[in-house]
Amino acid sequence: MVFSSTYPFENTAELHAFMQREVERPEEYGRYGNPTVAATEAKLAALEAGEADGGGCGAVLMASGMAAITTTLLAMLRAGQHVIFTADVYRKTRLFARSYLAKFGVEFDIVAPTLEAIEGAVRDTTRIIFTEAPTNPYLRVVDLEGVVALAKARRIKTIIDATFATPINMRPLSLGVDLVIHSTTKYLGGHNDLLGGVVIGKSGLVDAIREQVGTLGAVCDPHNAYLLSRGLKTLALRVERHNHSALALARVLEAHPKVAKVWYPLLESHQDYGHARRLLRGGGGVISFEVEGLEAGTRLVDALRVPKLAPSLGGVESLVEQPALMSFYDQGPEGRAALGIREGLIRYAVGIEDLADLRADLESGLAAL
Ligand SMILES: *Cc1c(COP(=O)(O)O)cnc(C)c1O
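Identification of the protein chain as Cystathionine gamma-synthase from Plesiocystis pacifica SIR-1 is taken from an unreviewed UniProt entry. Quoted verbatim from the Cofactor (unreviewed entry) field of the UniProt record, the comment on the protein chain reads "pyridoxal 5'-phosphate". Under the UniProt heading Sequence similarities (unreviewed entry), the note attached to the protein chain is "Belongs to the trans-sulfuration enzymes family."

Below you can see the structure in the form of structure tokens.
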């Protein structure tokens, strides 16, 4: 692991050779690159592209998922251009559009995650279609091949925040998506002990974004990059377990009389099941479900003994929350209703604990309602 923030030259001759890019050596200063971060980026590019050499793809790590999203958009857009976001992209991504893109003269629309709605929003100035799949909290899965075909025909770049899917469950680059973003804080890190974000795609595009990291400064800390590269060693195993346990618990919930509705992409009842079955190898670890109102939800959350009451997802520990009391608290009941966030909604991010324990815990919590 390399922690240095500056990298001395042997002498002025080496400095000259470096400036002419005639020698291989670390960047001269930590904000422009770090060997530990670079090694982790190479792993991530290989993982996402599905090729040991990254298949012409590169990755750039940043300080958080939000750093990756905001730096990418700032690097690619200029005043007068237009962006299409799908409605349930990460809340802070939408906030960034409203509070920053608008300020810098970039126009945007936020539309339903369907091909028809996206197509209807395309303008001559549209530069980017930014989607996410599966989304939070209703696990929507957009018709990605359709979006890519639409975008390519109009020379629009496509970006997907695939944090909930991971490269184990979905391969957007192979479908022609230009850039894949992950909050590495979630499944890729996997242990709730780091914050990070990554952008992966064709090297030319990624290197142009990397340039901006040196200016905007959202660099990945080398210690985080090390923890992330260690987490990646067990990613496939962990995601298989999340997939298996979450599908099993989603079926338990769907059959339970105290549960009004369950959202999980690989349940036949999910509105986007057709796209999910085609695009996803597994449904991931997050399940959303609805019980009879806010108070019933609180009673259940407080009765559960395995999952911790916390935001986030993708770690080895199960986490549970009521969106109405956490991520959408500030919206108030009317704001939540307008956003389609139901008061009795519970989001369960299934960890890798013993499935029988998770199931028994959930069943006894529900029985007490
Ligand atoms: C958590 C999350 C983010 C933000 O990532 P941070 O690492 O917390 O900045 C972005 N998109 C999705 C889908 C997320 O779950």
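Taken together, 13 residues lie around the ligand, and Gly 65, Asp 161, Ser 183, Thr 185 and Lys 186 are the ones closest in. Interatomic distance of 2.9 Å between a backbone N/O atom of Met 66 and an oxygen atom of the ligand. Note that an oxygen atom of the ligand is positioned 2.7 Å from one of the side-chain N or O atoms of Lys 186. Calculation on the ligand without its partners gives an accessible area of 380 Å², and the protein chains cover 92% of this total. Sort the elements by how many residues they give to the shell around the ligand and helix α3 (residues 65-76) lands first, with 3 residues.

Let us look at the packing of aromatic side chains. Taken as a whole and assessed by the stated rule, the structure comprises 6 aromatic pairs. Summarising the aromatic geometry, the rings of Phe 96 and Tyr 100 are spaced 5.5 Å apart at their centres and angled 20° between planes, so their arrangement reads as stacked. With Phe 96 and Tyr 100 both in helix α4 (residues 91-101) and 4 residues apart, the pair spans about one turn of that helix. Assessed through its relative accessible area of 6%, Phe 96 is described here as buried. With a relative accessible area of 40%, Tyr 100 lands in the partly exposed category. Every member of this aromatic cluster is reached through a ring pair, and the members are Phe 85, Phe 108 and Phe 130. The ring centre of Phe 9 lies 3.8 Å from the NZ or CZ of Arg 25, which sits over that ring. Taking NZ or CZ as reference, Arg 25 lies 5.2 Å from the ring centre of Phe 18, over its face.

Thresholds, definitions, all that
- Residues numbered from 1 in each chain as written.
- Predicted model: local features only at pLDDT ≥ 70, side-chain atom pairs only at ≥ 80, totals over all residues.
- Heavy atoms only, no water.
- UniProt positions renumbered as here; feature names shortened; annotations may be inferred.
- Near = heavy atom within 4 Å.
- Polar contact = N/O pair within 3.5 Å; in protein donor to acceptor, adjacent residues only side chain to side chain.
- Areas by Shrake-Rupley, 256 points an atom, 1.4 Å probe, with all protein chains shown as cover.
- Helix = DSSP H or I, 4+ residues; strand = E, 2+ residues; numbered from the N terminus.
- Phe/Tyr/Trp six-rings, centres within 6.5 Å; stacked < 30°, edge-to-face > 60°.
- Buried < 20%, exposed > 50% of the residue type's maximum accessible area, 1.4 Å probe, protein only.
- Lys NZ or Arg CZ within 6 Å of the ring centre and 35° of its normal.

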